[in-house]
Amino acid sequence: MVKKAVIPAAGFGTRLLPATKSQPKEMIPVVDKPVIQYVVEEAVASGITDILMVIGKGKRSIEEYFDRSFDLEQRLEEKGRTQELEAIKQISQLADIHFVWQKELKGLGDAVYYARHHVGNEPFVVLLGDTIVESPNGPVSKQLINAYEKYGKGVVALQEVEKSVVSRYGVIDGTEVESNVYRANDFIEKPSVESAPSNLAIGGRYLFTADIFKYLKNLPTGVNNEIQLTDAMRLQTKANGFYGLKYKGMRYDVGNKMDYLKTNIILALEREDLKDEFRDWLKEFSKNL
Ligand code: UTP
C-alpha cells in the first residue's frame, strides 16, 4: 500500500512574477483555492495519508494554510457561517502533513532528495506543487499506484504533446507493454524535435521506489545547472527498470501565465456553483473579442 506523498513546493516561481515576489506560486488561487490544495486533494483521493511538502524561503504561508486556524474557526462559528467553517476545518484534516526545508534551490531532484528520511524504505508518490492534473479515469496518482502494484517498479505519468513542442519537456524512450503502459529504455530531457524518441512527456506525477534516493545521492547538476530528477530516473531505468503510464486527461502547469489563465476558466466551468452564470457571461463576453 502506498501511503506517502512528497510535494515539492520550494521553487522560485519566476515565470509568474510579480505575483510570486512575496507569495509562493503554490498558494496562488485557482478559482477559490490555492493550487497546492488541488494537489493535496488528488493525493488524498489516491489513498495517501501522509504528505511531506518540500518548502523554502518565503513559503511559510503554505505551512499556515494547512494548519488549524482556531481564531477564524471561532469567528465563523459565532457568525453561524457553517459552510465556510466546514471548508476551513477540512483543510487541516485532509492528511497528516509535514514540512522539510530545501536549503538551496538546486532543482527538483535535490528537492525530492530531502524526503529520504521521512519516506524511509517505502514507495511514494511525487506530485508537483504547481501542477493540477485531471483525468476522467480517476486521480492520476492512483493510476500510478495501480501500475506500481502490477509491475513493482517506479512509474511516471506521461502526457502526449505536439511533436513540435517536445523540446520543452522530458520525454520517454519506451516500449508499449500494454495499452498506455510503457517500459522505459531511457528518458531524454528537452530533446530536439528531430532526435526525440517519442512525444510522451513526463507529466508532473511520479511513483518512486525508495532506491531513487540512491541515484539522487551525489548526482551532478544537469540541464540548467540543476539537479535533475530525470537524471536519477535514467540511472534507475538502467539499473532496475522504470515504467511510464500515459494518462487520459489534462495537465495544468499553473506556474506559467498562459496555463494559469486557462486553468481558472476551465476549472470555474466545472464548478456546480459557478458554471452556469460564468458560462453565460463568458459567451457574451467572447462575442466582442
Ligand atoms: P519548476 O520547474 O516550475 O521551477 O518546479 P520553479 O523554479 O518553481 O519555477 P520558475 O521556472 O522559476 O517559474 C516544479 C515544481 O518543483 C518545485 C517547485 O516549487 C514546483 O512546485 N521545485 C523546483 C522545488 O521544490 N525545488 C527546486 O529547487 C525546484
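Residues numbered from 1 in each chain as written. Predicted model: local features only at pLDDT ≥ 70, side-chain atom pairs only at ≥ 80, totals over all residues. Heavy atoms only, no water.

Chemist: Tell me what's going on with the environment of Arg68, and back it up with residues and numbers.
Modeler: The topology assignment puts Arg68 in the loop between α2 (60-66) and α3 (70-78). When sequence neighbours within four positions are dropped, the list of residues in contact with Arg68 reads Glu73, Lys89 and Ser92. (Helix = DSSP H or I, 4+ residues; strand = E, 2+ residues; numbered from the N terminus. Contact = heavy atoms within 4.5 Å.)

Chemist: Summarise the site of the ligand; cite the residues concerned and give the values.
Modeler: Near the ligand there are 18 residues, and of these Gly11, Thr14, Arg15, Glu26 and Gln102 occur at the shortest range. The side chain of Glu26 places a nitrogen or oxygen atom 2.7 Å from an oxygen atom of the ligand. One nitrogen or oxygen atom from the side chain of Asp130 is found 3.3 Å from an oxygen atom belonging to the ligand. Surface burial for the ligand is 83%, taken as the share of its 570 Å² of free accessible area covered by protein chains. The class makeup of the residues in the shell around the ligand is seven nonpolar, six polar and five charged. (Near = heavy atom within 4 Å. Polar contact = N/O pair within 3.5 Å; in protein donor to acceptor, adjacent residues only side chain to side chain. Areas by Shrake-Rupley, 256 points an atom, 1.4 Å probe, with all protein chains shown as cover. Nonpolar A, V, L, I, M, F, W, Y, C, P; charged D, E, K, R; others polar.)

Chemist: Requested: an account of the environment of Glu162, with residues and values cited.
Modeler: Here Glu162 shows up in the loop between β8 (154-160) and β9 (170-178). On the accessibility criterion, Glu162 (60% relative accessible area) is exposed. Spatially, the C-alpha atom of Glu162 lies 32 Å from that of Phe213, the residues being 51 residues apart in sequence. (Buried < 20%, exposed > 50% of the residue type's maximum accessible area, 1.4 Å probe, protein only.)

Chemist: Residues and numbers for the side chain of Ser92, please.
Modeler: Within the secondary structure, Ser92 sits in helix α4 (residues 82-93). For Ser92, a relative accessible area of 18% translates into the label buried. Only 3.1 Å separates the side chain of Ser92 from the backbone oxygen of Lys89, close enough to count as a polar contact. Look past the residues within four positions of Ser92 in its chain and what remains in contact with it is Phe66, Asp67 and Arg68.

Chemist: Describe the pattern of salt bridges, and please don't skip the residues or the numbers.
Modeler: By the definition in use, this model includes 18 salt bridges. Where Lys59 meets Glu26, a salt bridge forms, and the shortest distance between an N and an O atom there is 2.8 Å. You can see Lys59 sitting in the loop between β4 (50-55) and α2 and its partner Glu26 sitting in the loop between β1 (4-8) and β2 (29-30), a full 33 residues away along the chain. The salt bridge involving Lys33 is made with Glu41; its shortest N-O contact spans 2.8 Å. Ionic contacts of the salt-bridge type, sharing partners, join the residues Asp32, Arg271 and Asp273 into one network. (Salt bridge = Lys/Arg side-chain N within 4 Å of Asp/Glu carboxyl O.)

Chemist: Hey, could you go over helix α9 (residues 229-240) for me, with residue numbers and the actual values?
Modeler: The terminal C-alpha atoms of α9 lie 16 Å apart, and with twelve residues this matches the ideal 16 Å at 1.5 Å per residue to within 8%. Taken together, the buried residues of α9 touch α5 (108-113), β8, β10 (181-189), β11 (200-208), α8 (212-216) and β12 (242-246). Just downstream of α9 lies Gly241, where phi reads positive at about 100°. (Expected span 1.5 Å × (residues − 1).)

Chemist: Provide a residue-level description of helix α10 (residues 257-269), including the pertinent values.
Modeler: An ideal rise of 1.5 Å per residue puts 18 Å on 13 residues; α10 measures up with 19 Å between its terminal C-alpha atoms. Residues of α10 that are buried include every one of Tyr260, Thr263, Asn264, Leu267 and Ala268, and no others. Angularly, the buried residues of α10 cover 115° about the axis, an arc narrow enough to put them on a single face. Opposite its buried face, α10 presents the exposed residues Met258 and Leu261, each directed more than 90 degrees away. (Arc of directions from axis to C-beta.)

Chemist: Run through the environment of Val133, naming residues and quoting values.
Modeler: Tracing the sequence through the fold places Val133 in strand β7 (residues 131-134). Sequence separation between Val133 and Arg251 is 118 residues; the distance between their C-alpha atoms is 4.5 Å. Among all residues touching Val133, those that are not within four sequence positions of it are Glu42, Val140, Gly203, Arg205, Tyr247, Met250 and Arg251.

Chemist: An account of the packing of aromatic side chains is requested, with residue identities and associated values reported.
Modeler: The description of an aromatic ring pair rests on the distance of the ring centres and on the angle between the ring planes. For the coordinates displayed, the defined rule picks out nine aromatic pairs. Between Phe187 and Phe242, the ring centres sit 5.7 Å apart and the planes meet at 90°, which makes this aromatic pair edge-to-face. Pair noted here: Phe187 is in strand β10 and Phe242 is in strand β12, with a separation of 55 residues, a long-range link. As far as burial versus exposure is concerned, Phe187 and Phe242 are alike and both buried. Cluster of aromatic residues (ring-pair linked, three or more members): Phe124, Phe187, Tyr206, Phe208, Phe213 and Phe242. Residue placement shows Arg116 over the ring face of Tyr113; its charged tip is 4.0 Å from the ring centre. (Phe/Tyr/Trp six-rings, centres within 6.5 Å; stacked < 30°, edge-to-face > 60°. Lys NZ or Arg CZ within 6 Å of the ring centre and 35° of its normal.)

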